[in-house]
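Summary of the model geometry
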Amino acid sequence: LHGELRMISRSHPMPRRARGFTLIEVLTAIVVLSVGLLGLGLLLGTSVRSNHNGMLHTQATFAAETMLDRMRANIPGVWGNAYNGTWDAATAPPGVACTAAAPCNPAQVAARDVFAWGQLVSQLLPAGSGVVACVRNAAIPAPTAAMLQTVPVYNGTCTITINWNETTEGAEGVIAQNYVWRVQP
């Protein structure tokens, strides 16, 4: 019996217990984890850049709406083409100080509006500028000075264009963007 037992134990050795991970398993786990973290980091960078570009588009929309509000508040200035032009940080400040004793006329209000708007666009957007181009319907005559006192609706369309630079992920680097809005003030 004793000899038989010895033969069985030699023919079927007892398995050794696993005591931990091998070096290959640990290195494989580190590589898999590293690749996952690298992908997560790239995804985060793309997400932040896309979110920033979306914010720039929102700012451009806000700037265009701001100019439209200014134009709607000064329809005689729109009729006088005082808003037409390109406006940015280089726009000259208005030369007239309006006071209660000497209020601004519509052209002076428009000069103040485009100066403030040019500053706003250049502060909100990288390399930002704005263009306003109003074209009235030629078939309808311009209102008289007396008619302008009743603030008639502008009979034409205005195109408000916002331009800025946007950073991209690819080799392009910086690309020019614009937002165009055609409205009737």
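What comes next is a walk through the structure. (Residues numbered from 1 in each chain as written. Predicted model: local features only at pLDDT ≥ 70, side-chain atom pairs only at ≥ 80, totals over all residues. Heavy atoms only, no water.)

The next thing to look at is the overall build of the chain. When you go through the chain residue by residue, the secondary structure sums to five helices and four strands. In sequence order, the secondary structure elements of the chain are arranged as α-α-α-β-α-β-α-β-β. Expressed as a percentage of its 185 residues, the buried residues of the chain come to 25%. Expressed as a percentage of contacts within the chain between residues at least 6 apart in sequence, the contacts between residues at least 24 apart total 68%. (Helix = DSSP H or I, 4+ residues; strand = E, 2+ residues; numbered from the N terminus. Buried < 20%, exposed > 50% of the residue type's maximum accessible area, 1.4 Å probe, protein only. Contact = heavy atoms within 4.5 Å.)

Moving on, we come to the sheet that holds strand β4 (residues 174-183). Taken together, the four strands give an open sheet; going across it, the order is β1-β2-β3-β4, and neighbouring strands pair in antiparallel fashion. Of all strands in the sheet, those bounded by a partner on one side alone are β1 (85-87) and β4. Pairs of neighbouring strands in the sheet enclose a mean axial angle of 20°, with direction left out of account. Bridging between β1 and strand β2 (residues 129-136) involves three bridges; their strand directions are antiparallel. Bridge pairing links Gly85 to Val132 in β2. Sheet strands touched by helix α2 (residues 23-73): β2, β3 (156-167) and β4. Its angle to β3, the strand with the most contacts, is close to 155°. Helix-sheet contacts for helix α4 (residues 106-124) involve β1, β2 and β3, and the interaxial angle to β2 is about 140°. (Pairing = 2+ DSSP bridges. Axes fitted to C-alpha atoms, helices over the stretch in contact; angles between N-to-C directions.)

This next bit is on the nonpolar core. Nonpolar side chains in soluble globular proteins generally cluster together in the buried interior. Of all hydrophobic cores here, the largest spans 25 residues; its most connected members are Met67, Met71, Tyr83, Trp117, Val132, Ile160 and Ile162. At the level of elements, α2, α3 (75-79), α4, β2 and β3 are the ones that each hand at least two residues to this core. The element best represented in this core is α2, accounting for seven residues. Those residues in contact with Tyr83 that lie beyond four places of it in its chain are Met67, Arg70, Met71, Asn74, Gly77, Val78, Ala110, Asp113, Val114 and Val132. (Core = buried A, V, L, I, M, F, W, Y, C linked by side-chain atoms within 4.5 Å.)

Its 19 residues give α4 an end-to-end C-alpha distance of 26 Å, which sits within 8% of 27 Å, the value for a rise of 1.5 Å per residue. Within α4 the residues assigned to the buried category are Ala110, Asp113, Val114, Trp117, Gly118 and Val121. Seen along its axis, α4 keeps its buried residues to an arc of 135°; they face one direction. Among the structural elements, α2, β1, β2 and β3 are those in contact with the buried residues of α4. Regarding α4, its N-cap is Asn105, as a side-chain oxygen of that residue lies 3.1 Å from the backbone nitrogen of Ala107 further along. (Expected span 1.5 Å × (residues − 1). Arc of directions from axis to C-beta. Polar contact = N/O pair within 3.5 Å; in protein donor to acceptor, adjacent residues only side chain to side chain.)

Our focus in this paragraph is a nonpolar patch on the surface. Together, Phe21, Leu23, Val26, Leu27 and Ile30 give the surface a local cluster of nonpolar side chains, amounting to about 540 Å² of exposed area. By the element assignment, Val26 lies in helix α2. Residue classification places Val26 among the partly exposed positions, given a relative accessible area of 36%. (Patch = residues over 30% accessible without salt bridge, like charges linked within 9 Å, V, L, I, M, F, W, Y side chains within 5 Å. Areas by Shrake-Rupley, 256 points an atom, 1.4 Å probe, with all protein chains shown as cover. Salt bridge = Lys/Arg side-chain N within 4 Å of Asp/Glu carboxyl O.)

Take Thr66: it is sitting in helix α2. Leave out the neighbours within four places in its chain, and Thr66 touches Trp117 and Leu120.

Any functional reading would require information that these geometric values do not contain.
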